[in-house]
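# Overview (structure and organization)
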Amino acid sequence: MEEEPRKQRELNLVLLGRPGAGKGTFGIKLAALLDVPHISTGDLIREEMKKVSSMSRRIAEVVSKGKLLGDEEVFELLHSRLQAGAARGDKGFILDGFPRTVNQAIVLDKIADVHVAVNFAQEREVLIQKCLGRRVCGECGRVFSMADVSVGDLRMPAIPPPIQCLDKMVTRKDDSEQSIQKRLQVYDEESKPVEDFYRKQGKLVNFDVRGGVSESWPKLLQALNLVEEQQRSSSRTPPPAIPTVWC
């Protein structure tokens, strides 16, 4: 007798952590494993900035100062994306970079049921080195780390681009050292309390990123009880290669 196909469970995750901690990298991999969309507010914001609109102008002004976007603008972009996903029949989501404040977390609870909040932790100096070495392909949009990070006993090798992207690497305007330091400060002041918000709900999983992707990925699967999902995924046809990003 054939085994019935396993019904996909709905899983809503939010990814927390300072800028550069690896939310994008692991968010993309988790989304591919769980077959749910990876929603980065940073990507939503950058896409909006490409448009000619009053909102894109407001966003550009805020980003240039190294500040976080206001709740009203963020919710407008996010709500539109979640509605589009629901219409397509998405069975869950991964939110990368949201919520960033306790107020946002409270409002998010009213429109979606967050199951797990993963907090990616990493030393400040490591984050600075990683973000200073971050480069984006101006053609395909993939993100790479050009920095060989070395802090104490921690070593994280560079993630160089393929040859077709090598001469198209650009640095984001918000990846200057001054802007990075400002974003880290803003996170500690405004976003770190979100960790306590989910800790009190019993939904917080702290994950200390102490190595590269290949080393940290199996440990993350264990922390989230997703080893079986990885085994089932590995038994199926391998998915297309996932671009590796760090921030």
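Residues numbered from 1 in each chain as written. Predicted model: local features only at pLDDT ≥ 70, side-chain atom pairs only at ≥ 80, totals over all residues. Heavy atoms only, no water.

As a further point, take the nonpolar core. In summary, soluble globular proteins display a tendency toward joint burial of nonpolar side chains. Residues Leu 30, Val 118, Phe 120, Leu 220 and Leu 224 are the most contacted members of the largest nonpolar core, which totals 28 residues. Among the elements of the structure, β1 (11-16), α1 (23-34), β4 (116-121), α6 (124-132), α7 (177-200), β10 (204-208) and α8 (213-223) are those that each provide at least two residues to this core. Of the residues forming this core, the biggest block, five residues, is contributed by α1. Discounting residues that sit within four places of it in the chain, Phe 120 has contacts with Leu 15, Leu 16, Gly 17, Arg 18, Ala 21, Lys 23, Phe 26, Phe 207, Val 209 and Leu 220. (Core = buried A, V, L, I, M, F, W, Y, C linked by side-chain atoms within 4.5 Å. Buried < 20%, exposed > 50% of the residue type's maximum accessible area, 1.4 Å probe, protein only. Helix = DSSP H or I, 4+ residues; strand = E, 2+ residues; numbered from the N terminus. Contact = heavy atoms within 4.5 Å.)

The full count for this structure, using the stated rule, is zero disulfides. Distance from the sulfur of Cys 137, which forms no disulfide, to the nearest cysteine sulfur (Cys 140) is 3.6 Å. (Disulfide = S-S within 2.5 Å.)

What follows covers the pattern of salt bridges. Going through the model one piece at a time under the given rule, you end up with 16 salt bridges. Residue Glu 47 is joined to Lys 50 by a salt bridge in which the shortest nitrogen-to-oxygen separation is 3.1 Å. The partner of Asp 167 in a salt bridge is Lys 168, and the shortest N-O contact between them spans 3.3 Å. According to the relative accessible area criterion, Lys 168 is partly exposed, its value standing at 26%. A network of salt bridges, in which partner residues are shared, links Arg 18, Arg 124 and Asp 188. (Salt bridge = Lys/Arg side-chain N within 4 Å of Asp/Glu carboxyl O.)

One pass over the full model with this rule turns up one cavity of 30 Å³ or more. Taken as a whole, the largest cavity encloses approximately 40 Å³ of empty space. In the lining of the largest cavity, the residues fall into four nonpolar, three polar and one charged. (1 Å grid on protein atoms, 1.4 Å probe; cavity = no way out; pocket = protein on both sides within 12 Å on 5 of 7 lines; lining within 4 Å. Points joined across faces, edges and corners; volume = space filled by probe spheres on them. Nonpolar A, V, L, I, M, F, W, Y, C, P; charged D, E, K, R; others polar.)

A word on the packing of helix α2 (residues 41-49) against helix α3 (residues 54-64). At a closest axis distance of 8 Å, the pairing of α2 and α3 adopts a crossing angle of 120°. Considering the angle they form, α2 stands oblique to α3. Handedness of the crossing formed by α2 with α3: left-handed. For the pair formed by α2 and α3, the contact residues are Ile 45, Glu 48 and Met 49 on the first element and Met 55, Ser 56, Ile 59, Ala 60 and Val 63 on the second. Across the contact of α2 with α3, the residue classes tally to six nonpolar, one polar and one charged. (Axes fitted to C-alpha atoms, helices over the stretch in contact; angles between N-to-C directions. Parallel < 35°, antiparallel > 145°, perpendicular 65-115°, else oblique. Left-handed = near helix turned anticlockwise from the far one by under 90°.)

We now examine the side chain of Ser 216. Along the chain, the position of Ser 216 falls in helix α8. Not counting the four nearest positions on each side in its chain, Ser 216 is found in contact with Phe 26, Phe 207, Val 209, Arg 210 and Gly 211.

With that settled, the discussion passes to the confidence of the model for the protein. Residues shown with low pLDDT carry predicted positions that ought not to be read at fine detail. Averaged over all residues, the pLDDT of the protein is 84; the fraction at 70 or higher stands at 91%. Counting interchain partners and residues more than four positions distant, the pLDDT-below-50 stretch residues 1-6 has two contacts. When the criterion is pLDDT under 50, residues 239-247 qualifies, and its contacts beyond four places in sequence or with other chains add up to 30 contacts. (pLDDT = per-residue confidence, 0-100.)

Attention now goes to helix α4 (residues 71-88). With 18 residues, α4 ought to run about 26 Å at 1.5 Å a step, and its terminal C-alpha atoms sit 26 Å apart, in line with that. Within the span of α4, buried status applies to Glu 73, Val 74, Phe 75, Leu 77, Leu 78, Leu 82 and Gly 85. Along its buried surface, α4 packs onto β2 (38-40), α2, α3, β3 (92-96) and α5 (102-111). Positioned one or two residues after α4, Gly 89 has a phi angle of 90°, which is positive. (Expected span 1.5 Å × (residues − 1).)

With that out of the way, let us pick up the packing of α2 against α4. Look at α2 against α4: their axes get within 10 Å of each other, and the N-to-C directions meet at 100°. As far as their axial angle goes, α4 and α2 are roughly perpendicular. From α2, Thr 41, Leu 44, Ile 45 and Glu 48 reach across to α4, where they touch Val 74, Leu 77, Leu 78 and Arg 81.

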